[in-house]
Amino acid sequence: MQLRIPGPTPCPSQALQAMTKQMINHRGREFAELINSITTKLKQVFQTTGDVFLLTSSGTGGLEAAIVNILSPGDKILATSCGIFGDRFADIAEKYDAKVKRLNFEWGKPVSPEAISKALKAASDIKAVLVTHNETSTGVTNDLGKISSIVKEFDKLLLVDAVSSLGCIDLPADNWHCDVVVTGSQKGWMVPPGLAMVSMSEKAWQAHTQAKMPRYYWDFTKAKDYLQRGQTPWTPAISICYALDATLNLMLNEGLSNIFARHAKIAQMTRTGIKSLGLPLFAEDNCASNTVTAVKTDDKLDAAKLIQILRDEYNVVIAPGQRKLRGKIFRIGHLGLVEENDIKTVLEALARALPKAKF
Ligand SMILES: *Cc1c(COP(=O)(O)O)cnc(C)c1O
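Residues numbered from 1 in each chain as written. Predicted model: local features only at pLDDT ≥ 70, side-chain atom pairs only at ≥ 80, totals over all residues. Heavy atoms only, no water.

Turning our attention to the overall build of the protein chain. Within the protein chain, the regular secondary structure consists of 12 helices and 14 strands. Radius of gyration (C-alpha) of the protein chain: 20 Å, near the 21 Å computed for a compact globule of 359 residues. Across its three principal axes, the protein chain shows a C-alpha extent of roughly 60 × 55 × 30 Å. The 359 residues of the protein chain split such that 61% are buried. Surface accessibility of the protein chain: about 14,700 Å² in total, with carbon and sulfur atoms responsible for 51%. Where the 43 positive side-chain charges of the protein chain centre and where its 36 negative ones centre are 3 Å apart. (Helix = DSSP H or I, 4+ residues; strand = E, 2+ residues; numbered from the N terminus. Rg over C-alpha atoms; globule rule 2.2 N^0.38 Å. Buried < 20%, exposed > 50% of the residue type's maximum accessible area, 1.4 Å probe, protein only. Areas by Shrake-Rupley, 256 points an atom, 1.4 Å probe, with all protein chains shown as cover. Lys, Arg positive; Asp, Glu negative; His and termini not counted. Charge placed at Lys NZ, Arg CZ, Asp CG, Glu CD.)

Structure below.
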């Protein structure tokens, strides 16, 4: 089976093997060693010397944790969005009574750094900016380096959804002054769903001491306190921790720059292959994601039927478009455990399935 959706992604045998291990006391010495090992390695991948926490949840829980630990009800924030996940980040902030100014961009296009600059100039009382590094719903990667330099020019907090980019696409959290960075285990990390990982900068901690949004399970004061003792406040997903410890070894052995280069090369190969099948890409090359490729369909190509045929006849699983993009695009995930041969298989299957999926 070729599971080529943008999460969950396939797990290497080292991760699956690790998860067969017996349970341990999560308040004991063995778990302390495990979480310390994971945290040290995670910091290398986040490229941060700040704190990194493991939360038991999917990525969205990490986004909620970022909001409630940094903000207070009534805080003005600028929420940038070019797709479903940008909208979600804004929705969470709104639910907790932040005053959300939405800066939306056409789906398939990136967030404009200049527009952020303009918005921050126009409203000096904005406290934080929300950005989705890699918009999984449209296959677009935003220019976070440029965006962060603008956000910092205005000295605002920068909260980043890096769920589908971190560990695949370069994101130097400290160099880019990202205050909170959120990711999720089932994307580039090659382990099952169930863990979110979140980093906090010094400035984020300062904001945290003033932040009044309600929080209990997500409280980072507790998380920091417990981590100093090699624990988490609540019972962690121990089996996924075993797996993550193993895949982090694989990742650090490969080396960050090699991982980024592999994703870039495979993404390029995907885009070239799609174009040579005569299909148009949804995002332009200059913002096309290295972890997920969105492909446009037209009134002659039935996306749902194509996905079904790939699944049933070729054992290839790809993802549909979400919400208003359903039936208009399909998406190929190429993140985490992926090599050139995997994409070759997908492209060959596509070539065979396409003529059968006409309206
Ligand atoms: C997958 C994803 C999420 C989180 O989704 P969960 O289902 O909660 O793990 C958030 N943002 C982006 C960009 C994602 O790709």
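Here the focus is the domain arrangement of the protein chain. Under the domain assignment used here, the protein chain contains domain 1 (13–253) and domain 2 (256–357). On a C-alpha basis, the centroid separation for the pair domain 1 and domain 2 is 27 Å. Facing 26 residues of domain 1, the contacting portion of domain 2 comprises 23 residues. For the pair domain 1 and domain 2, the summed buried area comes to about 2,000 Å², and 65% of that belongs to carbon and sulfur atoms. A per-residue breakdown of the area domain 1 buries against domain 2 is headed by I84, W107 and C168, which together make up 26% of the total. The tally of links between domain 1 and domain 2 comes to 0 salt bridges. (Domains from an automatic or database assignment. Contact = heavy atoms within 4.5 Å. Buried area = accessible area lost by both parts, 1.4 Å probe. Salt bridge = Lys/Arg side-chain N within 4 Å of Asp/Glu carboxyl O.)

Taken together, 13 residues surround the ligand, and among them S58, T60, T136, D161 and K187 come closest. Between the ligand and G59, the relevant distance is 2.9 Å, taken from an oxygen atom to a main-chain nitrogen or oxygen of the residue. Within the side chain of Q186, one N or O atom sits 2.8 Å away from an oxygen atom of the ligand. In the complex, 87% of the free accessible area of the ligand, which totals 380 Å², lies under the protein chains. Looking at the shell around the ligand, the elements that each hand over two or more residues are helix 3 (59–70) and helix 4 (84–95). A class-by-class count of the residues in the shell around the ligand yields 2 nonpolar, 8 polar and 3 charged. (Near = heavy atom within 4 Å. Polar contact = N/O pair within 3.5 Å; in protein donor to acceptor, adjacent residues only side chain to side chain. Nonpolar A, V, L, I, M, F, W, Y, C, P; charged D, E, K, R; others polar.)

Ordered in space as 11-14-13, the 3 strands form an open sheet in which the pairing is antiparallel. Single-partner strands in this sheet number two, and they are strand 11 (292–296) and strand 13 (319–320). Alignment of strand 11 against strand 14 (residues 329–333), held across 5 bridges, turns out to be antiparallel. Looking at strand 14, one finds that V292 is bridged to G333. (Pairing = 2+ DSSP bridges.)

Bringing the sheet that holds strand 8 (residues 157–161) into the picture now. Across the sheet, which stays open at both edges, the 7 strands sit in the order 2-10-9-8-5-3-4 with mixed pairing between neighbours. Across the chains shown, the open sheet's two edge strands, defined by having one partner strand only, are strand 2 (51–56) and strand 4 (99–104). The sheet shows a mean angle of 20° between the axes of neighbouring strands, taken without regard to direction. With 3 bridges connecting them, strand 8 and strand 9 (residues 180–184) associate as parallel partners. (Axes fitted to C-alpha atoms, helices over the stretch in contact; angles between N-to-C directions.)

Right, let's talk about unusual backbone geometry for a bit. Negative phi is the rule for most residues except glycine; trans is the rule for most peptide bonds. With an omega dihedral of -5°, the bond running from G7 to P8 counts as a cis peptide bond. Mapped onto the elements of the fold, P8 is located in the loop between strand 1 (2–3) and helix 1 (13–18). In this structure, N315 takes a positive phi of about 55° despite not being glycine. Along the chain, N315 turns up in the loop between helix 11 (303–314) and strand 12 (316–317). Unlike most non-glycine residues, R323 shows phi in positive territory, near 45°. One can find R323 in the loop between strand 13 and strand 14.

On to the nonpolar core, then. Judged by nonpolar contacts, the single largest core of 93 residues is most densely connected at L159 and W189. At 9 residues, the largest contribution of residues to this core is made by helix 9 (residues 238–254). Each of domain 1 (13–253) and domain 2 (256–357) accounts for three or more of the residues forming this core. With sequence-adjacent residues up to four places away left out, W189 is seen in contact with L42, V45, F46, L166, G167, T183, G184, M197, L244, T247, L248 and M251. Membership of the second largest hydrophobic core comes to 23 residues, among which are L279, V295, I309 and L350. (Core = buried A, V, L, I, M, F, W, Y, C linked by side-chain atoms within 4.5 Å.)

Our focus in this paragraph is the packing of aromatic side chains. This model, assessed by the stated rule, comprises 6 aromatic pairs. Their ring planes at 25° and their centres at 6.3 Å tell us that F46 and W189 sit as a pair that is stacked. With F46 in helix 2 (residues 29–46) and W189 in the loop between strand 9 and strand 10 (195–200), this residue pair connects regions lying 143 residues apart in the sequence. Ring geometry for F53 versus W205: centroids 6.0 Å apart, planes at 90°, classification edge-to-face. With F53 in strand 2 and W205 in helix 7 (residues 202–210), this pair connects stretches of sequence that are 152 residues apart. Exposure class is identical for F53 and W205. Each is buried. Three or more aromatic residues link up through ring pairs in this structure, and these residues are Y216, Y217, W218 and W234. The ring centre of F85 lies 5.6 Å from the NZ or CZ of K187, which sits over that ring. We note K222 situated over the ring of Y216; from NZ or CZ to the ring centre the distance is 4.4 Å. (Phe/Tyr/Trp six-rings, centres within 6.5 Å; stacked < 30°, edge-to-face > 60°. Lys NZ or Arg CZ within 6 Å of the ring centre and 35° of its normal.)

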